[in-house]
Amino acid sequence: MRLGNIGALLLVGTLGLGLAACSSDNDGSSGDGKSKSRTVGVANFTLGGPYFNGMDRAIKAQAEGKGVKVISTDANGDAAKLAANVEDLISRKVDAVIISGGPLESAPAALNSLKAAKIPVILVDRKFQTGEYTSWIGPDNQRIGVQDGEFLAQQLPQGGKVAIIKGGPADNSIGLARTNGLKSALGKDSKFTLVEAPDFGNWGSDGGLSVTESLLASHKDLKAVFCENDAMCLGAQRAIANANLSSQIIIAGVDGQLEALQEIAKGGNYVVTGLNSADQIGRLGLDRAIEVLDGKSVEKDTVVDSPQITKKNAQEFIDKSKS
């Protein structure tokens, strides 16, 4: 073969490699499957709780494994601050924004700004009641409430009085969905009497403790307590133990918080919860943002499975949380 022909072949090969490299750059991926030069902003309404902290950590961990840079913000429960944080993320030229809305029902200013900037927005856990978003990933909260109600009915064949502890505020759609699910399972059965606590537990253990103490002052004949999340139920469990009523009152929660799983595994009066995994939803949210940026067709709304957790399978989920 003549040198001229060899040179031509080498030139063709070099051009081919260059074109392949350009193709890789265009789809946003490197040869090892990791996304290249992507920055995703995370706008957290609040990190003031283990659930939302866990979701933020999960997003960051998933991003690290895929070579994506994350810029995370915390609005400390202030809607105006959330909007300002989103404006800052836009100014920093992020490619996509994930919003963890916590108890916030809507964020029109943030969503309008992202729409104007043509930046895709992924909602995780909380689906806002108004405004445009690219995709949402979260649980079927009403179904979790139904699951808890059905399990309580099995555990209490004679019926009885069941207390409901809400997180608040009154228009919180996630909490309402969970409570409405429980009511749909128990409310039509005349053997059960449902008692809603007049005060909110504010989604925390201390709130669950104080609300349950107040309930027990006038309802010592309770047979069960349902809380809109596990954190409040852990506080309720303390109040019930302090009143020496642990053998009488069983507890049902929501979220699958590790401490709740450990209590369920012990076989005491904490008997059931429904998984609403911050880790799973956070990781799926990051993956969804990458899919959108890669130009893939994605579901507008994705409901994440929320399996029921009882003593029979609690250890399985404890082990998964540590892996």
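Residues numbered from 1 in each chain as written. Predicted model: local features only at pLDDT ≥ 70, side-chain atom pairs only at ≥ 80, totals over all residues. Heavy atoms only, no water.

A. Geometry of the sheet that holds strand 9 (residues 250–252). Taking strand neighbours across the sheet as the criterion, the six strands line up as 7-6-8-9-10-12 in an open arrangement whose pairing is mixed. Lying at the two open borders of the sheet, with one neighbouring strand each, are strand 7 (192–196) and strand 12 (308–309). Contacts from helix 7 (residues 205–218) reach strand 6 (160–165), strand 7 and strand 8 (222–227) within the one sheet, and its direction differs from that of strand 6 by about 145 degrees. Relative to the sheet, helix 9 (residues 258–266) contacts strand 10 (270–274) and strand 12, its axis offset from that of strand 10 by approximately 140 degrees. (Pairing = 2+ DSSP bridges. Helix = DSSP H or I, 4+ residues; strand = E, 2+ residues; numbered from the N terminus. Contact = heavy atoms within 4.5 Å. Axes fitted to C-alpha atoms, helices over the stretch in contact; angles between N-to-C directions.)

B. Quick peek at the side chain of S135. Structurally, the position occupied by S135 is in strand 5 (residues 135–139). Looking at S135, its side chain comes within polar contact range of the main-chain oxygen of K300, at 3.4 Å. Sequence-distant contacts of S135, that is, excluding residues within four places in its chain, are made with V121, I122, L123, R288, V298, E299 and K300. (Polar contact = N/O pair within 3.5 Å; in protein donor to acceptor, adjacent residues only side chain to side chain.)

C. Representation of the pairing of strand 2 (residues 69–74) in the model. Sheet topology note: the strand 1 (residues 39–44)/strand 2 ladder contains six bridges and is parallel. In the sheet register, V40 faces strand 2, and the bridge partner there is V70. Handedness of the crossover joining strand 1 and strand 2 through helix 2 (residues 50–65): right-handed. (Right-handed = clockwise from strand over helix to strand, strands pointing away.)

D. Summary view of helix 9. Turning to helix 9, its buried residues number three or more, namely A260, L261 and I264. The buried residues of helix 9 occupy an angular sector of 100 degrees when the element is viewed end-on, so they sit on one face. The inward-facing, buried residues of helix 9 contact helix 8 (230–242), strand 10, strand 12 and helix 11 (314–322). Backbone geometry just downstream of helix 9 places G267 in the positive-phi region, at approximately 85 degrees. (Buried < 20%, exposed > 50% of the residue type's maximum accessible area, 1.4 Å probe, protein only. Arc of directions from axis to C-beta.)

E. Fine view of the sheet that holds strand 2. Strand order across the open sheet formed by six strands is 2-1-3-4-5-11, with parallel pairing between neighbours. Bordering the open sheet on either side are strand 2 and strand 11 (301–304), each of which pairs with just one other strand. Averaged over all neighbouring strand pairs, the angle between strand axes comes to 15 degrees, with direction disregarded. Across three bridges, the pairing between strand 4 (residues 121–124) and strand 5 is parallel. Paired with V124 across the strands is I137, a residue of strand 5.

F. Highlighting the packing of helix 7 against helix 8. Where helix 7 contacts helix 8, the axes come no closer than 6 Å and their chain directions differ by 45 degrees. Classified by the angle their axes make, helix 7 and helix 8 are oblique. Crossing handedness for the pair helix 7 and helix 8: right-handed. Mapping the contact onto sequence places S205, D206, G208, L209, T212, E213 and L216 in helix 7 and A231, M232, L234, G235, A236, R238, A239, I240 and N242 in helix 8. Looking at the contact of helix 7 with helix 8, its residues break down into eight nonpolar, five polar and three charged. (Parallel < 35°, antiparallel > 145°, perpendicular 65-115°, else oblique. Left-handed = near helix turned anticlockwise from the far one by under 90°. Nonpolar A, V, L, I, M, F, W, Y, C, P; charged D, E, K, R; others polar.)

G. Structural context of the confidence of the model for the protein chain. On average, the protein chain scores 90 in pLDDT, and the residues at 70 or more come to 89%. Across residues 1–33, where pLDDT falls below 50, the model places 18 contacts with residues more than four positions away in sequence or in other chains. (pLDDT = per-residue confidence, 0-100.)

H. Molecular detail of the environment of G267. Within the element layout of this structure, G267 appears in the loop between helix 9 and strand 10. On a C-alpha basis, the gap between G267 and A314 in space is 9.8 Å, while along the polypeptide they are 47 residues apart.

I. Representation of the pattern of salt bridges. Counted under the stated rule, the structure contains 18 salt bridges. The salt bridge involving K266 is made with E263; its shortest N-O contact spans 3.1 Å. In this pair, K266 and E263 both sit in helix 9, three residues apart, roughly one turn of the helix. For K266, a relative accessible area of 60% puts it in the exposed group. The closest approach of N and O atoms between K320 and E316, which form a salt bridge, is 3.3 Å. Here the residue K320 and the residue E316 both occupy positions in helix 11, the gap between them amounting to four residues, near one helical turn. Under the relative-accessibility criterion, K320 is labelled partly exposed at 49%. For E316, a relative accessible area of 41% corresponds to the partly exposed category. One salt-bridge network, held together by shared partners, links K166, K183 and E196. (Salt bridge = Lys/Arg side-chain N within 4 Å of Asp/Glu carboxyl O.)

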